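Below are the chains, spelled out letter by letter.
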Number of protein chains: 2
Amino acid sequence: MTADGFGFRLDADDGVARAGTLSTAHGPVETPVFMPVGTAGTVKAMTADSVRATGARLVLGNTYHLMLRPGAERIARLGGLHRFMNWPGPILTDSGGFQVMSLAKLRKIDADGVTFQSHIDGSSHRLTPARSMAIQHLLDATITMALDECTPFPATPDQARASMELSMRWARLSRDGFVSRPGYGLFGIVQGSVYPALRAASAAALSDIGFDGYAIGGLAVGEGQAEMFAVLDYTVPLLPADRPRYLMGVGTPDDLIGAVHRGIDMFDCVMPTRAGRTARAFTSIGIFNLRNARFADDGGPLDPACACPCCGNHSRAYLHHLFKAEEMLGPMLLTWHNVQYYQDLMRGLRRAIQNGGFAAHADQLRSGWTAREEIA
Amino acid sequence: MTADGFGFRLDADDGVARAGTLSTAHGPVETPVFMPVGTAGTVKAMTADSVRATGARLVLGNTYHLMLRPGAERIARLGGLHRFMNWPGPILTDSGGFQVMSLAKLRKIDADGVTFQSHIDGSSHRLTPARSMAIQHLLDATITMALDECTPFPATPDQARASMELSMRWARLSRDGFVSRPGYGLFGIVQGSVYPALRAASAAALSDIGFDGYAIGGLAVGEGQAEMFAVLDYTVPLLPADRPRYLMGVGTPDDLIGAVHRGIDMFDCVMPTRAGRTARAFTSIGIFNLRNARFADDGGPLDPACACPCCGNHSRAYLHHLFKAEEMLGPMLLTWHNVQYYQDLMRGLRRAIQNGGFAAHADQLRSGWTAREEIA
């Protein structure tokens, strides 16, 4: 627990894997934790109550989307993002940098920030470290992310160094612009692409500035799981052990297991929600595509091991029908299930760490995925 | 209560308006009742649990949609429509006739039935009274509707007579084809367009055949509210007083009040669900279009008089944002609210009838709709 009320307590470890508890102004969060992504103030296709019912305690909001629509000042006038989206628990917001690079038009980056046009209406905007801090403050984010440039992949060592150094400059400006409040935290983001020396320099620079948590960015951008795990292997040991570690934008259930194994505490990814909207289900027995005709007469539950309303109340045949008929209930039910699966997965990993049985539990999970190759 | 366990009990009346209770194999239903429409085995954008949470006890399924996809025989193999859609309560299915006329391609009607091509894949199908009864039996419909031809509007007296007489022939064939089971009912459908003599002949023909309930069809097809009410004024008195009366495909809250006032017990309509998906809300203070920019900063609840999760948890500004951002949660929340509003409306009408205060309650409801003209 830091002096300002935002803190991280280590509850247990098993090898490098660890179980902890985040303390925040909006309640505690047990780690390892997966954050469902609530891009535009809603975890797509779910009510806030149903997100909470899966056991999720921390969700992510996107600064880029929210600053453009409905606008950070508007959300502040309406009482902040917690009230706006009916999520009284902790919220982490990203800095906006990633989406500016992936979604905005006519973006122009300089030493002080980035100017871009909205992908919605073409209006012009500028994002600097100070403005990103101000926006996340207006949103009332429990955890604020420093503004960074997500280094594209692949990048030459020179490109990766220049990009990382810009991000470190912005990290300091973000720290300067962040308004400390009890129970609120600011995270820095390690960059450096796949180059150990750059990752080390970035981790050292961030530690010097001092943050409440440390994210690893610039991964899950096409480098592949083996390269990603390699970066974690040499980067995680460079991060302060008493602060939470957050791997941004990751990933599949197998990615999560491997990253927790390597000492990561926090994750976010659109995968469970996006997959749910496109008929793909993550289950204890593998990945299914519910559009597959073989489910048309399958009266069994999606995942017999799952207690979510989708699995408890409906058959695979019904889910198949809903997607064939393009009924909204299909995405609704499958999103719910996938978010439930991810929450159950993380709770199971935490329990295994606490029991000192992480490796065996991970093996058991992986060996259960027999349907993994059945679906393209 | 009829001998076979399906029945209708009159609990109270107030003028011509009446409160009753349907007894069915799948539980009781208090009337007047509004049935949410579950076209393809789902009330669009709602889980079955949330439909139940609004107080709805009877839902409608569409024979035309379900026979084409996923198929009546498949639903029967999977345990029937109740199990398929997780709705253990009563289900009424229409006969398929209306959608064949409004949706199917290359339809060809003859004295014995109608041949048509699926609007989904162009496959050829034939619907006869016997086949409609068989399909609804396979679906395990609690209430089966006789196959009829919904007379188009306008129709000349000769067209309307020929159409009505065909429907009466099919009504007898439907009765012949219906397999009686305890707690299951068959309803006939009065046709005759806007011609009192034809409506009278149709009502007499149906009464002679004998049904468990009587629907009034061929309305809400463009004739206008005044004409519809006029048809009810002269048709309802011709129907057996001890059986439920069902006005098909109606309507707005004002339509429902006027029809209950005229002795109707049952309704169905896509209006609350379709409106919810297109940002329109029915409330105690009128009809709103949540896309309207004036809601962008409105932190108040959609309907202060409503206890649904949409009104209890979210602001108008949030709903406006969801529709602007095309987030699925917008249709989800507004559909829930609208179905809740319709259920609350019917419960209020029932209570008013039981208290002998129907007219005053109806006046009060209508006078609350001050926002009625504000939205196009």
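Here, the structure is the one placed above.
Summarised in this report is the structure supplied together with it. From a predicted model like this one, the values you see are computed outputs, not experimental measurements. (Residues numbered from 1 in each chain as written. Chains lettered and ligands numbered in written order. Predicted model: local features only at pLDDT ≥ 70, side-chain atom pairs only at ≥ 80, totals over all residues. Heavy atoms only, no water.)

As for the environment of E73(A)
Reasoning step 1: Tracing the backbone shows E73(A) in helix α3 (residues 72–77).
Reasoning step 2: Each C-alpha atom, one on E73(A) and one on L138(A), is 6.3 Å from the other, the two residues being 65 residues apart in sequence. (Helix = DSSP H or I, 4+ residues; strand = E, 2+ residues; numbered from the N terminus.)

Focus on the packing of aromatic side chains
The description of an aromatic ring pair rests on the distance of the ring centres and on the angle between the ring planes.
Reasoning step 1: This structure, assessed with the given rule, holds 16 aromatic pairs over all chains.
Reasoning step 2: Measuring from ring centre to ring centre gives 6.1 Å for F211(A) and Y214(A), while their planes differ by 85°; the resulting arrangement is edge-to-face.
Reasoning step 3: Looking at F211(A), the relative accessible area reads 1%, which means it is buried.
Reasoning step 4: Residue classification places Y214(A) among the buried residues on the basis of a relative accessible area of 3%.
Reasoning step 5: With a centroid separation of 5.5 Å and 80° between ring planes, the pair formed by F282(B) and Y342(B) is classed as edge-to-face. Note that F282(B) is positioned in strand β15 (residues 280–283) and Y342(B) in helix α14 (residues 329–354), a separation of 60 residues in sequence. Of the two residues examined, F282(B) and Y342(B), each falls in the buried class.
Reasoning step 6: Put simply, the rings of F34(A), F282(A), Y341(A) and Y342(A) pair up and form one aromatic cluster.
Reasoning step 7: Between the NZ or CZ atom of R181(B) and the centre of the ring of Y184(B), over which it lies, the distance is 3.9 Å. (Phe/Tyr/Trp six-rings, centres within 6.5 Å; stacked < 30°, edge-to-face > 60°. Buried < 20%, exposed > 50% of the residue type's maximum accessible area, 1.4 Å probe, protein only. Lys NZ or Arg CZ within 6 Å of the ring centre and 35° of its normal.)

Here we look at the interface of chain A and chain B
Reasoning step 1: With 35 residues of chain A at the contact, the number on the chain B side is 35 residues.
Reasoning step 2: Summed over both partners, the interface of chain A with chain B buries about 3,100 Å², with 59% contributed by carbon and sulfur atoms.
Reasoning step 3: Of all residues in chain A, the largest losses of buried area upon contact with chain B belong to H321(A), E327(A) and M328(A), amounting jointly to 18% of the total for that side.
Reasoning step 4: Joining chain A to chain B, the criterion identifies 6 salt bridges.
Reasoning step 5: R77(A) is the salt-bridge partner of D297(B), the closest N and O atoms lying 2.9 Å from each other.
Reasoning step 6: Where chain A touches chain B, the interface holds 16 residue pairs in polar contact (both at pLDDT 80 or more).
Reasoning step 7: Residue assignment for the side of chain A that touches chain B shows that the elements contributing at least two residues are α3, α13 (316–324) and α14 (329–354) of chain A.
Reasoning step 8: No other element matches the 5 residues that α13(A) contributes to the side of chain A that touches chain B.
Reasoning step 9: Of the residues that constitute the side of chain A that touches chain B, the class distribution is 17 nonpolar, 8 polar and 10 charged. (Contact = heavy atoms within 4.5 Å. Buried area = accessible area lost by both parts, 1.4 Å probe. Salt bridge = Lys/Arg side-chain N within 4 Å of Asp/Glu carboxyl O. Polar contact = N/O pair within 3.5 Å; in protein donor to acceptor, adjacent residues only side chain to side chain. Nonpolar A, V, L, I, M, F, W, Y, C, P; charged D, E, K, R; others polar.)

Observations concerning the nonpolar core
Reasoning step 1: L290(A), L302(A), L290(B) and L302(B) are the most contacted members of the largest nonpolar core, which totals 100 residues.
Reasoning step 2: Apart from the residues lying within four places of it in its own chain, the contact partners of L290(A) are A279(A), A281(A), F295(A), L302(A), R316(A), L319(A), H320(A), F323(A) and L334(A). (Core = buried A, V, L, I, M, F, W, Y, C linked by side-chain atoms within 4.5 Å.)

Quick word on the side chain of D140(A)
Reasoning step 1: Within the fold, D140(A) resides in the loop between α6 (129–139) and β10 (143–145).
Reasoning step 2: In contact with D140(A), not counting residues within four places along its chain, are H26(A), G80(A), H82(A), R181(A) and Y184(A).

Considerations on the relation of the copies chain A and chain B
Reasoning step 1: When chain A is fitted onto chain B, the two copies agree to an RMSD of 0.0 Å after a turn of 180° and an axial shift of 0.0 Å. Taken together, the rotation and translation relating the two chain copies correspond to the operation of a two-fold axis. Taking the C-alpha atom as reference, chain A places M328(A) closest to the rotation axis, 4.1 Å from it.
Reasoning step 2: By residue overlap, the copies meet face to face through one surface: 100% of the interface positions of chain A are interface positions in chain B. (Least-squares fit on C-alpha atoms with pLDDT ≥ 70 in both.)

Considerations on the pairing of strand β11 (residues 185–190) of chain A
Residue and element names in this part refer to chain A.
Reasoning step 1: Summarising burial for β11: 6 of the 6 residues are buried, a large majority.
Reasoning step 2: Burial along β11 is two-sided: the face carrying G185, F187 and I189 and the face carrying L186, G188 and V190 are both buried.
Reasoning step 3: Of the strand pairs in this sheet, β10 and β11 are connected by 3 bridges, and their pairing is parallel. Within the sheet, the bridge partner assigned to M145 lies in β11 and is F187.
Reasoning step 4: The sheet contact formed by β11 and strand β12 (residues 213–216) spans 4 bridges and is parallel. From the neighbouring strand, V190 faces β12, where its bridge partner is I216.
Reasoning step 5: Crossover connection from β11 via helix α8 (residues 196–209) to parallel β12: handedness right-handed. (Pairing = 2+ DSSP bridges. Right-handed = clockwise from strand over helix to strand, strands pointing away.)

Concerning the packing of helix α7 (residues 157–177) of chain A against α8(A)
Between two packed helices, what matters for the description is the angle formed by their axes and the separation of those axes.
Residue and element names in this part refer to chain A.
Reasoning step 1: Two numbers describe how α7 lies on α8: the axes approach to 10 Å, and their chain directions differ by 10°. In terms of their interaxial angle, α7 and α8 are classed as roughly parallel. Contacts between α7 and α8 involve P157, A160, R161, M164, M168, A171, R172 and R175 on the former and, on the latter, L198, A201, S202, A205, L206 and I209. (Axes fitted to C-alpha atoms, helices over the stretch in contact; angles between N-to-C directions. Parallel < 35°, antiparallel > 145°, perpendicular 65-115°, else oblique.)

Some details on the state of the cysteines
All names here are of chain B.
Reasoning step 1: Within the structure shown, the criterion is met by 0 disulfides over all chains.
Reasoning step 2: Among the cysteines around C150, which has no disulfide bond, C269 carries the closest sulfur, lying 13 Å off.
Reasoning step 3: Taking relative accessible area as the criterion, C150 reaches 15% and is therefore assigned buried.
Reasoning step 4: Counting only cysteine sulfurs, C308 is the nearest neighbor of C310, a cysteine outside any disulfide, at a range of 4.8 Å.
Reasoning step 5: By relative accessible area, C310 is classed as buried at 0%. (Disulfide = S-S within 2.5 Å.)

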